[in-house]
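# Notes for the structure review
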Amino acid sequence: MHAIIAGAGIGGLTMALALARHGHSVTMVEQSAEMGEVGAGLQLGPNACKVLAGLGLEATLAEVAFTPLAAEVRGCARGDLLLRNPLGAAALRRWGAPYFQVHRADLHAILLSAVRQRSEVELRLGEKVCGAQTSDVRASLELECGDRIVGDILVGCDGVRSRVRQALFGPEAPRFTGQVAWRGVVEAARLPKDLIPPVAAVWTGQGKHFVHYYLRGGALVNLVGVVERDWLVESWNEPGDPAELQADFAGWPEPVRALCESVEQPFRWALYGRAPLRQWSLGRATLAGDACHPMLPFLAQGAAMAIEDAAVLATRLAAHADPVLALAAYERDRKPRTSRVQAWSARNARLFHLPEAGARAAFSAAKLVDRFTPGGAAARFDWLYGYDAA
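Quick caveat: nothing in here was measured; it's all calculated off a predicted structure. (Residues numbered from 1 in each chain as written. Predicted model: local features only at pLDDT ≥ 70, side-chain atom pairs only at ≥ 80, totals over all residues. Heavy atoms only, no water.)

### Looking at the sheet that holds strand 18 (residues 285-287)
We apply this condition: Strands qualify as paired when DSSP identifies two bridges or more between them. For helices the rule is a DSSP run of H or I covering at least 4 residues; for strands it is a run of E covering at least 2, with both sets numbered from the N terminus onward. Every angle, taken between N-to-C directions, lies between 0 and 180 degrees, and every axis is a line fitted to C-alpha atoms, over only the stretch in contact when it is a helix.
Strand order in this open sheet of five strands is 7-2-1-11-18, and the pairing throughout is parallel. The outermost strands of the open sheet, each flanked by one partner alone, are strand 7 (121-125) and strand 18. On average, each strand axis in the sheet is tilted by 20° relative to the strand beside it, whichever way the strands run. Pairing of strand 11 (residues 153-156) with strand 18 involves three bridges; the strand directions are parallel. Bridge pairing in strand 18 places Gly 156 opposite Leu 287.

### Remarks on helix 10 (residues 323-351)
Short version of the rule: Helix span is expected to be 1.5 Å times the residue number reduced by one. Two axes enter the bend calculation: one fitted to the seven residues ending at the residue in question, the other to the seven starting there, and the bend is the angle between them. Polar contacts here mean pairs of N or O atoms no more than 3.5 Å apart (in protein, one a potential hydrogen donor and the other a potential acceptor; neighbouring residues in sequence count only if both atoms are side-chain atoms).
Taking 1.5 Å of rise per residue, 29 residues should cover 42 Å, and helix 10 covers 41 Å from first to last C-alpha, within 8% of that figure. In the structure, helix 10 departs most strongly from a straight axis at Arg 334, where the bend amounts to approximately 30° and where the proline Pro 336 lies between one and four residues downstream. Residue Asp 322 occupies the N-cap position of helix 10, its side-chain oxygen lying 2.9 Å from the main-chain nitrogen of Val 324.

### Thoughts on the pattern of salt bridges
Under the convention used in this document: Between Lys or Arg on one side and Asp or Glu on the other, a salt bridge is scored when a side-chain nitrogen of the former is within 4 Å of a carboxyl oxygen of the latter. A 1.4 Å probe rolled over the protein chains alone gives each residue an accessible area, and that area as a share of the maximum for its type sets the label: buried under 20%, exposed over 50%, partly exposed in between.
Throughout the structure, instances matching the rule amount to 21 salt bridges. Across the pair Arg 124 and Glu 127 runs a salt bridge, and its minimum N-O distance is 3.1 Å. Side by side, Arg 124 and Glu 127 carry an identical accessibility label, which is buried. Taking the shortest distance from any N to any O, the salt bridge between Asp 309 and Arg 334 comes out at 2.7 Å. Pair noted here: Asp 309 is in helix 9 (residues 302-319) and Arg 334 is in helix 10, with a separation of 25 residues, a long-range link. As far as burial versus exposure is concerned, Asp 309 and Arg 334 are alike and both buried.

By themselves, these observations are geometric and do not establish any function.
Right, here's the structure in full:
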């Protein structure tokens, strides 16, 4: 078949690779004139790494990734360890794939290189989408330049403000969550030795939390700080004042303070939430990634869900002769899982921002449950990391 994909981010590129490997021709449309990925760190659970390994990318990814030993949650008042989930070799044994932390630009470059090696994929840059149409027999994408691309299926991988979604289902307004996220990257060499442990770390506090982890084999440290306040800019690229970041986390434990003081140019963006869509697919068109299930970054699964979407959609297209039935089956497969991940992400947003006593009680209760659960804390994530989208 001939597939049209709107958007060449991480989800769109993975979708193109998955479809091309099943023998479909692909036309990708990307509004940016030059390919590149903004942002900073990205965590890829075993569920995402299984898909990327199936696309032949695991070895290349491992060269630029960092493998954390564990995920830890600590309180900001005294730095007490509230929860620890082993990763590293334990993740590989239990879930059959590694847990990687990567720079978004590195993952995007790996995917883009793989796409450009596929003769089945045509990549059109600097093309803005202005409309989309679908029926039971074909789908089409309309561009601002006046061109109209017609294909057998259309997949909107064009993000939270998806033009494809708007064309198919009408406008939909996002809701501001009341939270603003800081992000930045610090060279590890600029920090005191052994200050930052080799884990995915979450520090909780009343009305705010802070996350840090290594990238590029430990050469960089990624930071994300989330604060409850009014600020409505949803851009990833809005520069922030380092002094304001430092003030937001003044008095927090030394690793947090050192990162806030070391980042030269932090960025910030307002976090918006969107309820799960009632419908993703219409005729021969469907949506994937943030276009249909955007989620808060508090379970580190946004990119992973888009990567999973690609594998499931390619599999369903291979199983159904009728693309309309294939897209409907894809939606039925994905909606319950992505909705559950959205709900867990929102739950973590509340949990990480509890007062110290409330957080301590909540995580103590979780550890008590883990003691009486076969597999312990790891079992709580079997549904998430153990999933094989292929």
